[in-house]
Amino acid sequence: WPETYSHTLTEAWASGVPVLVTPFGALRERVNYWGGGWILTSTHVQDIYQSLISYCQPDSLDTKKRQIQSWQKACTENHSVFSMASRYKDIYREFLPDNA
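Residues numbered from 1 in each chain as written. Predicted model: local features only at pLDDT ≥ 70, side-chain atom pairs only at ≥ 80, totals over all residues. Heavy atoms only, no water.

S.K.: How should I be thinking about the overall build of the protein in this particular structure?
M.R.: Helices and strands together make up the secondary structure of the protein, namely five helices and two strands. Order of helices (α) and strands (β) in the protein, N terminus to C terminus: α-β-α-β-α-α-α. For 100 residues, the compact-globule estimate of 2.2 N^0.38 gives 13 Å, and the C-alpha radius of gyration of the protein, at 17 Å, exceeds that figure by more than 25%. Based on the C-alpha atoms only, the size of the protein along its principal axes is roughly 55 × 30 × 20 Å. By residue count, 25% of the 100 residues in the protein fall in the buried class. For the protein, contacts bridging at least 24 residues in sequence account for 41% of all contacts bridging at least 6. For the protein, the accessible area works out to roughly 7,500 Å², and carbon and sulfur atoms hold 58% of it. Computed over 9 positive and 10 negative side-chain charges, the inter-centroid distance for the protein is 5 Å. (Helix = DSSP H or I, 4+ residues; strand = E, 2+ residues; numbered from the N terminus. Rg over C-alpha atoms; globule rule 2.2 N^0.38 Å. Buried < 20%, exposed > 50% of the residue type's maximum accessible area, 1.4 Å probe, protein only. Contact = heavy atoms within 4.5 Å. Areas by Shrake-Rupley, 256 points an atom, 1.4 Å probe, with all protein chains shown as cover. Lys, Arg positive; Asp, Glu negative; His and termini not counted. Charge placed at Lys NZ, Arg CZ, Asp CG, Glu CD.)

S.K.: Please clarify how helix α1 (residues 7-14) should be interpreted in this entry.
M.R.: Among all positions in α1, only L9, T10, A12 and W13 are buried. Angularly, the buried residues of α1 cover 160° about the axis, an arc narrow enough to put them on a single face. For α1, the exposed residues lying more than 90 degrees away from the buried face are T8 and E11. Taken from the residues just after α1, G16 is the one with a positive phi, measuring 80°. (Arc of directions from axis to C-beta.)

S.K.: What exactly am I supposed to notice about the nonpolar core here?
M.R.: Looking at soluble globular proteins, one finds that nonpolar side chains tend to be buried together. Of all hydrophobic cores here, the largest spans nine residues; its members are L9, A12, W13, V19, V21, L27, V31, I68 and W71. Counting only elements with at least two residues in this core, the list comes to α1, β1 (19-21), α2 (25-34) and α4 (58-78). By residue number, the principal contributor to this core is α1, which donates three residues. Contact partners of W71, with chain neighbours within four places excluded, come to T10, W13, A14, R30 and W34. (Core = buried A, V, L, I, M, F, W, Y, C linked by side-chain atoms within 4.5 Å.)

S.K.: What is the right way to read the side chain of K64 from this model?
M.R.: Tracing the backbone through its elements, the reader meets K64 in helix α4. Comment: no salt bridge for buried K64; closest opposite-charge side chain is D62, at 12 Å. The residues contacting K64, other than those within four sequence positions of it, are P18, G36, G37 and W38. (Salt bridge = Lys/Arg side-chain N within 4 Å of Asp/Glu carboxyl O.)

In structure tokens form, the structure reads like this:
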């Protein structure tokens, strides 16, 4: 089924790596919104190979890397590690017993 968010995509972008994603769920949505990668139109191995060859050109890679840098900047400005940890803590508190 479609991925709901994908921390793997987040880690790739945090490392500055453009991604090649399937056309399903959050992966597609995030790449559509931010760029930073390519969305497969086919899942056949030969088509994927041809896509990789065409995408891995210097101009195309430079564009994707700039898009990733925009995402990184937005994340840094809007979501510090402290604020993200605080939000997780709030979510966990909703589901834990009062004495936990």
